[in-house]
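In case you want the letters, here they are:
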Amino acid sequence: MPKTIFFKRQSDIINKLFKEGIISNNAEIIIPSYICSEVINNFENRNINLKFYERDSSNEQILSLISEIELKKSNEIFLYFYFYYSNFKNLSEIISHVENSKVNIILDIAHLVNLKIKNHPNIMQRYNFKKTILIASPRKYFRLSQGGFCKVNNHYLKIENKNFNSLTLLIDFIKNSNNIRNLISYYGLFTKKNTKVSEIKYYNNQEIRSASIGHQIFYKINDLLNNDRHKLFFKKYLNLFKKYINQRDNNLDNELVFWIIPLDKDKKEIIKLINYFKFRINNPFMNWPDYHDKLSHKDKLFYEKNIYFRIDKNTCNNKMYKKIFSIIK
């Protein structure tokens, strides 16, 4: 059976990491509360001990959590760090503090647009950890339901390719077609609710699934044909939204493109945009993460204040940009 680097979702990657013994069943993981419950749920289903830190936790606070676990002297320790818009400096600083300790690192770069699979940012390459796990989700930019990959110590994690269903890719394309979405919105055939996302429940499923063969072919073709449109529009939207962006970081690498931009949803111009799109199926705004019970009090305040603008295939075009420009200006 041929193997592929493309997993269906991040939960499948996590299940594979446990099956291969890359993360042991007695591991302890230091993880942000401000992350999707799908990730948290997969660890908790295996009775992994999780220590939560807040989105704006200082390096000292994170190091204190590490020291607390290190005193046990027995369990494997992982620091789970998700790389989001504006925290590159935090990432560099915390890694420089822990790379000589016994801590392993899990770097979640699902917020980066990873179109060039072979040339994705090797952020961890210059650091020396016993285990370095890099998790990415190229599906995000394309609004697809399937497609993530993982590197362990700079080698791709692979899975047997058992999913030959190409119909799922066709369904994704139909759901995300700009023309179809605009037509449905124009005739009022669909009403998109804009309410707070309630806590999402996941079943204890330890199945490991590959992305469908259709998705895999799509990613490989795109790897050859990618025209860097996302980089152009990322800069255009950054400039357009510059007065409304939360957590701005001047240390951002110019080569990195994030698929969501955090905006202050209390600003009147952003409110206008939200109101325009909230009943449209081509709504480019989203709340993140889901509103789960592990969010700390401070992180809930982040959730209440932020709305995220998607940089994806539906917004990286002149028609959408001009419409947003006309509303915000």
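Cut-offs used in this document
- Residues numbered from 1 in each chain as written.
- Predicted model: local features only at pLDDT ≥ 70, side-chain atom pairs only at ≥ 80, totals over all residues.
- Heavy atoms only, no water.
- Pairing = 2+ DSSP bridges.
- Helix = DSSP H or I, 4+ residues; strand = E, 2+ residues; numbered from the N terminus.
- Salt bridge = Lys/Arg side-chain N within 4 Å of Asp/Glu carboxyl O.
- Buried < 20%, exposed > 50% of the residue type's maximum accessible area, 1.4 Å probe, protein only.
- Core = buried A, V, L, I, M, F, W, Y, C linked by side-chain atoms within 4.5 Å.
- Contact = heavy atoms within 4.5 Å.
- Axes fitted to C-alpha atoms, helices over the stretch in contact; angles between N-to-C directions.
- pLDDT = per-residue confidence, 0-100.
- Parallel < 35°, antiparallel > 145°, perpendicular 65-115°, else oblique.
- Left-handed = near helix turned anticlockwise from the far one by under 90°.

Visitor: If you had to explain the sheet that holds strand β11 (residues 285-286) to someone new, which residues and values would you point to?
Guide: Pairing is antiparallel across the open sheet formed by three strands, whose spatial order is β10-β12-β11. Of all the strands in the sheet, just β10 (260-264) and β11 have a single pairing partner and so form its edges. The sheet contact formed by β10 and strand β12 (residues 306-310) spans five bridges and is antiparallel. What sits directly across from Ile261, in β12, is Phe309.

Visitor: Lay out the pattern of salt bridges with the relevant residues and their values.
Guide: For the structure on display, the rule yields 10 salt bridges. Close ionic contact of Glu68 with Lys51 constitutes a salt bridge, the shortest N to O distance being 2.9 Å. Pair noted here: Glu68 is in helix α3 (residues 59-70) and Lys51 is in strand β3 (residues 49-53), with a separation of 17 residues, a long-range link. Between Lys305 and Asp266 there is a salt bridge, with the nearest N and O atoms lying 4.0 Å from each other. With Lys305 in helix α11 (residues 297-305) and Asp266 in the loop between β10 and α10 (268-277), the pair connects residues that are 39 residues apart, well separated along the chain. Taking relative accessible area as the criterion, Lys305 reaches 35% and is therefore assigned partly exposed. Overall, Asp266 belongs to the exposed group, its relative accessible area being 53%. Three or more residues are tied together by salt bridges with common partners; here these are Arg143, Arg310 and Asp312.

Visitor: Please give an account of the nonpolar core that cites residues and values.
Guide: Leu17, Phe43, Ile133, Tyr237, Phe241 and Leu263 are the most contacted members of the largest nonpolar core, which totals 98 residues. It is strand β4 (residues 77-82) that contributes the most residues to this core, six residues altogether. Ignoring any residue separated from it by four or fewer positions in sequence, one finds Ile133 in contact with Leu17, Ile22, Ile23, Phe78, Ile105, Ile106, Leu107, Cys150, Lys151 and Val152.

Visitor: Could you give an account of the sheet that holds strand β5 (residues 104-108), naming the residues involved and the relevant values?
Guide: Within a sheet, neighbouring strands are paired by backbone hydrogen bonds and run either parallel or antiparallel to one another. Here seven strands make up an open sheet; going across it, the order is β3-β2-β4-β5-β6-β7-β8 and the pairing mixed. This sheet does not close on itself; its edge strands, each paired only once, are β3 and β8 (155-156). As judged from the four bridges shared by strand β6 (residues 132-136) and strand β7 (residues 149-152), these two strands associate in the antiparallel manner. Bridged to Ala136 within β7 is Phe149. Across the sheet, α3 touches β2 (28-32), β3 and β4, and the angle it forms with β3 is around 160°.

Visitor: Which residues make up the confidence of the model for the protein chain, and what values go with them?
Guide: Caution applies to low-pLDDT parts of the model: their predicted coordinates are not meant to be read in detail. Of the residues in the protein chain, 83% reach a pLDDT of 70 or more, and the chain-wide mean stands at 83. Note on residues 193-203: pLDDT is under 50 here. Beyond four places in sequence and across chains, it has 22 contacts.

Visitor: Now, about the packing of helix α1 (residues 10-19) against helix α2 (residues 37-44): what can you tell me, with residues and values included?
Guide: Across the interface, α1 lies against α2 with an axial gap of 9 Å and an inter-helix angle of 25°. Considering the angle they form, α1 stands roughly parallel to α2. Crossing hand, α1 versus α2: right-handed. Of the residues in α2, those in contact with Gln10, Ser11, Ile14, Asn15 and Phe18 of α1 are Glu38, Val39, Asn42 and Phe43.

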